[in-house]
Amino acid sequence: MVDIQSASQMTSWMVSGRSLFLTIHVLGVLSFAYIVAKRMVPLVRGERDFRFDQPLVRLGRVLKFWLGQWKQPRYKVAGTLHILIFAGFIVLALRAFTTLIVGVSQNFVMPGLSGRAGPVYDTVTDYAATIVFLCMMIAVIRHLVFKPARYAVPARYGKAHTADAIFLLVLIAILMVADSLFAAAKAAAQSQPGHSVETLAAFSLPWMLQRALASASLPALGRFYFGAYLGHELTFYFLLCYRPFGIQFHVETSLFNIYFAKLDREILKPVRYGVSDQQLDQVKSFGVKTFKDFTWKHMLDFYSCADCGRCSDNCPANAVGRPLSPRFITIKARDYSFQHYPVFGHASIGRGNHGTPLIGSKAGGIYSEDEIWSCTTCGACEAECPLLVEYIDKIVDLRRGKIEDVNVPQSLQKPLKALESRGNPYGKMEKKKADWANTKEFQQICPVKTVGKSNGADTLYFVDSITSYDDRMQSIGRATARILDHVGENFGILGPAERDSGHEVRRFGEETLFMALRDHNVEAIRASGVQQIVTADPHAFNALKHDYKDVPPVEHISQVILREVKAGKIKFNPIANDKENGNSVYAYHDPCYLGRHNQIYEDPRDVLDAIPGLTRVEMARSRDRSFCCGGGGLMLFYEPKEDQRMGVKRVQMAAEAGANVIVTACPFCMVNIEDAIKVAGLEGKMTAIDLAELVDQQIVRKCRDLKEGQAAEGKECVVH
Ligand code: SF4
Ligand code: SF4
């Protein structure tokens, strides 16, 4: 067998290969350790964050989201490329490690690969290197020629990192070529003239390079072999040490980011981890004002972002031209961190120096006021991010900081004051809270009691402010009450004792006001003695379920309806087709706080599908990719800078899907969608209806419940 010296045996510039490569290894590892240690400085100095519980659950998520690349296929081309590259890296990790050791120990063979498994593994890695190389080339071409719109960086967010991204892609491609050339030169040296080499995988990159080197002399092959090995080592360590300076740092941090990702995403982060509500008055400041106020995990998020743009691509605020793009919330913070905690030199933020305020460009901040108030807390960014980067907690924390500095947008000051004084954002009298149910006509067909000591009920219908006070939304309240009455629920409302759930207030960053509203409601609910709670408002549902403690279990009305449909207590009349104008086509709009935040996607759809004759279509963006109507986070009262309303985009999506009726299950959505239908000029062509209203309209009723004229409209009447 003809062979060449191994890399460790060769001598170059009077230095033995072993000494040279040992020096490279030591320098490379020490440099990497130093850089990572410097990158850890802000994390060590950041705020506390409890992420060490439930290790098995966390490991399961690592298997799913990191090893399994669970979210990557949501973008077909980019996702497939990423999965191939990731799989290639995983397969090549062992080969890279073996190659590193061969430089100092010529006969090293990875345990387990000395027998038959060795050639099999070599074949797999030959193909893996080829696939990674091809993917790098495709990725470069995508960046330069077919650049997806989501990669663009608008001028207001800074400069694009395209050159950096391409540089890193090319470096990885060089690494693959060096690795393949190393194997090819060795194989070519071993081959005899006229004999084919069977050790390299056919049509792989090493195989092609070996063919190209087939006629080279043995000394030349030795030089190729040594040069490829040296190139591999230098590129490997350069990549390792360069990655923590840019977006490729996610290669190192993503596993940890996923392990430490928030498990209970629907629960908002407390003001400070480890500080109870009772101890909050001892907290020096609320929220995030300077970089140091972020938790260590939020800083790890900044390092872990791959700059793929998926979050912003799905952000409704970004889609309608609001000055918010979640990707840049992260990228700007990462750049700020790199600038103020440099690898070389001293950190400009220390114990006595907290750094510049993050909000307000005049003071050297990185975020604008409008940026942080533009978020609806819809959660689309978090649902999309393959690396589980968190946004809502950070944005709410930034808002908490502004609220503490009494820096509130003008349009939100009035509703906040009203919430403080009257317990609702409209400033309406508490005694009018149950007016929607107390009309003589409605009490006759559906008596709704106000629960109290002498007026007990099993179920509490928690109405919340918008349904109680908004004339249009009161119809949802009445429909909900009639459904509960129809299924024989012994229910009541809190009436004047009910205050706003505080859901929006909390997401707006007003934690103290939220706590006051919550404590009042919890006391009223407990005093009522109810066993369960039902609401038709997903915001109230989310607050009662996740923000409140020690209250009875809560259900959204869509869950109650589906259960009663299955139990046979609710039956539906068929949809009346309109012969003149054609049939109605329904599209269900997922409210963010019912769908994405609570994963209730199917119940409302199953209810719709149970109505005979109802034709339903899906909008292009639905379920966890639903497009926010613009109602969350006190947005009904905020006047954002935007090119278009979110609701208008949403009704256009419904029209594109062929629908002429939008069904939703949230009063906030109803306000926005009905308004958007008018703005989009679709009045007369499109209508909106709440699920409870539609069910109430189609339900097969007991005779006593029928309003005058309903029997004549063809509704079935069941006599009890
Ligand atoms: S929560 Fe919604 S609005 Fe806010 S940044 Fe994320 S996607 Fe955009
Ligand atoms: S936060 Fe996540 S989705 Fe957004 S750019 Fe970074 S990696 Fe991509």
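Residues numbered from 1 in each chain as written. Chains lettered and ligands numbered in written order. Predicted model: local features only at pLDDT ≥ 70, side-chain atom pairs only at ≥ 80, totals over all residues. Heavy atoms only, no water.

Peer 1: How do you make sense of the overall build of the protein chain when you look at a structure like this?
Peer 2: Across its full length, the protein chain holds 27 helices and 13 strands. Along the first, second and third principal axes, the C-alpha set of the protein chain runs to 100 × 65 × 45 Å. Of all 720 residues assigned to the protein chain, the portion counted as buried reaches 57%. Within the protein chain, contacts between residues separated by at least 24 positions form 78% of all contacts whose residues are at least 6 apart in sequence. For the protein chain, the exposed surface amounts to about 31000 Å²; the carbon and sulfur share of it is 58%. In the protein chain, 84 positive and 75 negative side-chain charges are present, and the distance between their average locations comes to 4 Å. (Helix = DSSP H or I, 4+ residues; strand = E, 2+ residues; numbered from the N terminus. Buried < 20%, exposed > 50% of the residue type's maximum accessible area, 1.4 Å probe, protein only. Contact = heavy atoms within 4.5 Å. Areas by Shrake-Rupley, 256 points an atom, 1.4 Å probe, with all protein chains shown as cover. Lys, Arg positive; Asp, Glu negative; His and termini not counted. Charge placed at Lys NZ, Arg CZ, Asp CG, Glu CD.)

Peer 1: Honestly, the site of ligand 1 in this entry has me stumped. Any pointers?
Peer 2: Contacts to ligand 1 come from Cys 315, Pro 316, Leu 324, Pro 326, Cys 375, Thr 376, Thr 377, Cys 378, Gly 379, Ala 380 and Cys 381. Among the residues forming the shell around ligand 1, the class breakdown is 8 nonpolar, 3 polar and no charged. (Near = heavy atom within 4 Å. Nonpolar A, V, L, I, M, F, W, Y, C, P; charged D, E, K, R; others polar.)

Peer 1: Can you help me understand the sheet that holds strand 11 (residues 687–690) in this one?
Peer 2: Strands in a sheet are paired, the pairing made by backbone hydrogen bonds, and the direction either parallel or antiparallel. Ordered by their spatial adjacency, 4 strands build an open sheet running 9-8-10-11, and the pairing between neighbours is parallel. Each edge of the open sheet is held by one strand with a lone partner, namely strand 9 (615–617) and strand 11. The average undirected angle you get between the axes of adjacent strands in this sheet is 35 degrees. Here 3 bridges tie strand 8 (residues 585–588) to strand 10 (residues 661–664), and the two strands are oriented parallel to one another. Residue pairing across strands places Ala 587 opposite Ile 662, the latter belonging to strand 10. (Pairing = 2+ DSSP bridges. Axes fitted to C-alpha atoms, helices over the stretch in contact; angles between N-to-C directions.)

Peer 1: Mind showing me how you'd approach the pairing of strand 11 here?
Peer 2: Walk down a regular strand and you will see the side chains alternate between the two sheet faces. Taken together, the 4 bridges between strand 10 and strand 11 define a ladder with parallel strand orientation. Note on strand 11: the bridge partner recorded for Thr 664 is Asp 690. Crossover connection from strand 10 via helix 26 (residues 667–679) to parallel strand 11: handedness right-handed. (Right-handed = clockwise from strand over helix to strand, strands pointing away.)

Peer 1: I keep staring at helix 25 (residues 646–656) and nothing clicks. Help me out?
Peer 2: Residues that lie three or four places apart on an α-helix share one face, since the helix turns once every 3.6 residues. Those residues of helix 25 that sit buried are Met 646, Gly 647, Val 648, Arg 650, Val 651, Met 653 and Ala 654. Against helix 11 (316–319), strand 10 and helix 26 lie the buried residues of helix 25.

Peer 1: I tried to follow the domain arrangement of the protein chain on my own but got confused; where do I start?
Peer 2: Much of the literature gives interface size as the accessible area that the parts lose upon coming together. Per the domain assignment, the segments of the protein chain are domain 1 (62–259), domain 2 (277–404), domain 3 (422–566) and domain 4 (585–705). Taking only C-alpha atoms into account, the centre of domain 1 sits 59 Å from that of domain 3. (Domains from an automatic or database assignment.)

Peer 1: So what exactly am I meant to see when it comes to the site of ligand 2 here?
Peer 2: Taken together, the residues surrounding ligand 2 are Cys 305, Ala 306, Asp 307, Cys 308, Gly 309, Arg 310, Cys 311, Arg 327, Cys 385, Pro 386, Val 389 and Tyr 391. Classifying every residue of the shell around ligand 2 gives 8 nonpolar, 1 polar and 3 charged.

Peer 1: I would appreciate a short explanation of the environment of Thr 23 in the present structure.
Peer 2: Relative to the elements of secondary structure, Thr 23 occurs in helix 1 (residues 17–45). Accessibility expressed as a relative area gives 45% for Thr 23, which makes it partly exposed. C-alpha of Thr 23 to C-alpha of Asn 353: the two residues are 330 residues apart in sequence and 39 Å apart in space.

Peer 1: Please clarify how the packing of aromatic side chains should be interpreted in this entry.
Peer 2: If you walk through the whole model with that rule in mind, you get 32 aromatic pairs. Between Phe 50 and Tyr 273, the aromatic rings sit 6.0 Å apart at their centres with planes inclined by 50 degrees, giving tilted as the arrangement. Of this pair, Phe 50 sits in the loop between helix 1 and helix 2 (55–67) while Tyr 273 is found in the loop between helix 8 (250–259) and helix 9 (296–304), placing the two residues 223 residues apart along the sequence. Taking the relative accessible area as the measure of exposure, Phe 50 reaches 48% and is therefore partly exposed. Overall, Tyr 273 belongs to the buried group, its relative accessible area being 13%. A connected cluster of aromatic rings, assembled from ring pairs, spans Tyr 34, Phe 167, Phe 238, Tyr 242, Phe 245 and Phe 344. When the ring centre of Phe 338 is taken as origin, the NZ or CZ atom of Arg 39, which lies over that ring, is 3.7 Å away. (Phe/Tyr/Trp six-rings, centres within 6.5 Å; stacked < 30°, edge-to-face > 60°. Lys NZ or Arg CZ within 6 Å of the ring centre and 35° of its normal.)

Peer 1: Where do I start with the side chain of Glu 498 in this structure?
Peer 2: Relative to the elements of secondary structure, Glu 498 occurs in the loop between strand 5 (491–493) and helix 20 (503–508). Given a relative accessible area of 3%, Glu 498 falls into the buried group. Filtering out sequence-adjacent residues up to four positions away, Glu 498 remains in contact with Lys 433, Tyr 461, Phe 462, Val 463, Asp 464, Ser 465, Ser 468 and Asn 521.

Peer 1: Looking at this structure, I do not really get the sheet that holds strand 7 (residues 554–556). What am I missing?
Peer 2: Spatially, 3-5-4-6-7 is the arrangement adopted by the 5 strands of the open sheet, whose pairing is parallel. Pairing within the sheet leaves two strands with one partner each, and these edge strands are strand 3 (449–450) and strand 7. Bridge count for strand 4 (residues 459–461) against strand 6 (residues 532–535) is 3 bridges, and the pairing is parallel. Each residue of the ladder has a partner; that of Thr 459, found in strand 6, is Gln 532. The strands touched by helix 22 (residues 538–547) are strand 6 and strand 7; relative to strand 7, the strand with the most contacts, the crossing angle is about 160 degrees.

Peer 1: What exactly am I supposed to notice about unusual backbone geometry here?
Peer 2: For residues other than glycine, phi is negative in most cases, and the peptide bonds are mostly trans. For Leu 388, which is not glycine, the phi dihedral falls at a positive 60 degrees. Here Leu 388 is to be found in the loop between helix 14 (380–384) and helix 15 (392–404). The phi angle at Arg 623 is positive, at roughly 50 degrees, despite the residue not being glycine. With respect to the secondary-structure elements, Arg 623 resides in the loop between strand 9 and helix 25.

Peer 1: Would you mind showing me how to read the packing of helix 19 (residues 474–486) against helix 23 (residues 557–566) here?
Peer 2: Relative orientation and spacing of two packed helices are given, respectively, by the angle between their axes and the distance between those axes. It is at 11 Å that the axes of helix 19 and helix 23 come closest, and there the two elements cross at 35 degrees. The way helix 19 lies across helix 23 gives a crossing that is left-handed. Residues Thr 480, Ile 483 and Leu 484 of helix 19 pack against Ile 557, Val 560 and Ile 561 of helix 23. (Left-handed = near helix turned anticlockwise from the far one by under 90°.)

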